Amino acid sequence: MPPASTGASTVVLDAAVPSSAAASPTVRDRLAPGGPGYRRMSFALFAAGVATFALLYSTQALLPAISASFGATAGQASWTVSAATGALALCVLPLSALSERFGRRQMMTASLAVAVVIGLLVPFAPSIGWLIALRAVQGAALAGLPASAMAYLAEEVRPKALVGAIGLFVAGNSIGGMSGRILAGWVAQLWGWRAALGAIGLLAVACAVAFHFLIPAARHFSASSLDPRALAKTVTGHLSDPLLRRLYAIGALFMTVFGAVYTVIGYRLVDEPFGLPQGIVGSVFLVYLVGTASSAAAGRLVARLGRRGALYLAVSTTAAGLLLSLAEQLAAVLAGLVLITAGFFAGHAVASSSVSRTATSGRAQASALYQSAYYLGSSAGGALGAVAFHAGGWAGTVALGVLAVLGVLSITLYGTRAARTQRLGAGSPAPVHN
């Protein structure tokens, strides 16, 4: 996940350089800062990142208005978010495999084009059912972009410039995820939720056009044949690894908390005792900027506390934020959101970075599996958080979040115990993974 986004990109940062890149005879003709094409590539992928995450979470800040328009419950409206993230989770692995055959640039272009077309149709959805269906198709289309973008960068950019190039794409993810929600909130306050979705669609069109004309042609991609049996063997191997399974579960559970809180928070803030207007509710997503700091601090936390220690701190911070958000004072609720956001992003950064350290082969597939688990957690959190809110108000959503946090705590405690047992049995220090 990017430092202040929904996370889609971070999980592939540590993936191994694709085989086609590794086979390149020289790196001198790859893109580098100051060289021809590098700036165009950077702007192109920044624009793609903005479009991807503005579209993916376009309805999240608008859920109260969508509920009112269709006479839908919070649970029904939440599926306009959960359907998109769930479809992305299911499609990210097969579409990343297709990019090995048909090309990264082609996959990104096609994915973005389909998602943008759907984005222009979404404002005209005649019913909540149609809106959910269109959002599912949009999420499936967007699944082809993040993993392909990372592979494109690994193949086309010089290794020493790779981190900076990825950083710009991640920044686009972050800005798209945050600005899309804020834009939607203020446009909806003035002209309604359909106009808000239309504005995001037009923003995505501009980004897609910029991407199409700026992205340099791939010069180091080598197509490979699709081998479903080899892919299945790699995926099965990752899923049979106990440590990877724990990391996938941690990512899913953390995102369950985050998805539940940010799907439902709009309903709480527009109701009494707060009664905030839609534009202000959308601006609450500025809290995402806290994730930039906590993600960046995750490396230093791991250096001081170890990976499990950093996870314990992330769990404690998230739980404290959930409990603080139960207060009836707006300042306390916002402070709770800050703690939840900081804890979530720190925990996600630790878990996602551990995946590639753990996988000894097939790191791209290992990261794609984490991405799938992460977005399945987002989908489940949005849907279940809304159901809990309908049944028990904000306290119900908080209870769901606390259960998910306890799940992370249990997994981390199990990992600590397993590491201690391994250390005692081998007579050597335990590994620093979770």
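Parameters at a glance
- Residues numbered from 1 in each chain as written.
- Predicted model: local features only at pLDDT ≥ 70, side-chain atom pairs only at ≥ 80, totals over all residues.
- Heavy atoms only, no water.
- Axes fitted to C-alpha atoms, helices over the stretch in contact; angles between N-to-C directions.
- Helix = DSSP H or I, 4+ residues; strand = E, 2+ residues; numbered from the N terminus.
- Parallel < 35°, antiparallel > 145°, perpendicular 65-115°, else oblique.
- Left-handed = near helix turned anticlockwise from the far one by under 90°.
- Contact = heavy atoms within 4.5 Å.
- Nonpolar A, V, L, I, M, F, W, Y, C, P; charged D, E, K, R; others polar.
- Salt bridge = Lys/Arg side-chain N within 4 Å of Asp/Glu carboxyl O.
- Buried < 20%, exposed > 50% of the residue type's maximum accessible area, 1.4 Å probe, protein only.
- Core = buried A, V, L, I, M, F, W, Y, C linked by side-chain atoms within 4.5 Å.
- Phe/Tyr/Trp six-rings, centres within 6.5 Å; stacked < 30°, edge-to-face > 60°.
- Expected span 1.5 Å × (residues − 1).
- Bend = angle between axes of the 7 residues up to and from the residue.
- Polar contact = N/O pair within 3.5 Å; in protein donor to acceptor, adjacent residues only side chain to side chain.

Caption draft 1: Inspection of the packing of helix α2 (residues 38-56) against helix α9 (residues 193-214) at higher detail. Look at α2 against α9: their axes get within 8 Å of each other, and the N-to-C directions meet at 155°. Classified by the angle between their axes, α2 and α9 sit roughly antiparallel to one another. For the element pair α2 and α9, the recorded crossing hand is left-handed. Touching Arg40, Met41, Phe43, Ala44, Leu45, Ala47, Ala48, Val50, Ala51, Ala54 and Leu55 of α2 are Ile200, Leu203, Ala204, Cys207, Ala210, Phe211, Phe213 and Leu214, all from α9. Considered class by class, the residues forming the contact of α2 with α9 number 18 nonpolar, no polar and one charged.

Caption draft 2: Structural view of unusual backbone geometry. Residue Pro273 is reached from Glu272 by a cis peptide bond, and omega for that bond is 10°. Within the secondary structure, Pro273 sits in the loop between α11 (242-270) and α12 (278-283).

Caption draft 3: Local environment of the pattern of salt bridges. Considering all chains together, one arrives at one salt bridge under this definition. One salt bridge in this structure joins Glu328 and Arg268, with 3.4 Å as the shortest N-O distance. Of this pair, Glu328 sits in the loop between α13 (289-324) and α14 (330-358) while Arg268 sits in helix α11, and the two are 60 residues apart along the sequence. Overall, the relative accessible area of 49% leaves Glu328 in the partly exposed class. Judged by its relative accessible area of 7%, Arg268 falls in the buried class.

Caption draft 4: Here's a closer look at the environment of Val338. Within the secondary structure, Val338 is located in helix α14. Spatially, the C-alpha atom of Val338 lies 8.7 Å from that of Gly291, the residues being 47 residues apart in sequence. Among residues more than four places away in sequence, those in contact with Val338 are Val287 and Val290.

Caption draft 5: Expanded view of the nonpolar core. With 115 residues, the main nonpolar core has Leu45 and Tyr262 as its most contacted residues. Ranked by the residues each element gives to this core, the list is headed by α11, at 16 residues. In this structure Tyr262 touches Gln60, Phe285, Val287, Tyr288, Leu337 and Thr341, once residues within four positions along its chain are discounted.

Caption draft 6: Fine view of the environment of Ala151. Along the chain, Ala151 turns up in helix α7 (residues 146-156). Taking the C-alpha atoms as reference points, Ala151 and Arg105, 46 residues apart in sequence, are found 9.8 Å from one another.

Caption draft 7: View of the packing of aromatic side chains. For the structure on display, the rule yields 10 aromatic pairs. Residues Phe258 and Tyr262 carry aromatic rings whose centres are separated by 4.7 Å and whose planes lie at 55° to one another, so their mutual orientation is tilted. Here Phe258 and its partner Tyr262 are both found in helix α11, four residues apart, which amounts to about one turn of the helix. The residues Phe258 and Tyr262 share a single accessibility class, namely buried. Look at Phe258 and Phe345: their rings are 5.5 Å apart centre to centre, the planes differ by 70°, and that puts the pair in the edge-to-face class. Of the two residues, Phe258 sits in helix α11 while Phe345 sits in helix α14, which places them 87 residues apart along the sequence. By relative accessible area, Phe345 is classed as buried at 0%. Aromatic rings pair up to connect Phe258, Tyr262, Phe285, Phe344, Phe345, Tyr370, Tyr374 and Tyr375 into one cluster.

Caption draft 8: Just α11, in detail. Between its first and last C-alpha atoms α11 spans 43 Å; for 29 residues at 1.5 Å apiece the expected length is 42 Å, and the two agree. Along α11, the helix axis deviates most sharply at Val264, where the bend reaches about 35°. Across the 29 residues of α11, 24 count as buried, placing the element largely inside the fold. Where α11 starts, the residue carrying a side-chain oxygen 2.9 Å from the main-chain nitrogen of Leu243 turns out to be Asp241.

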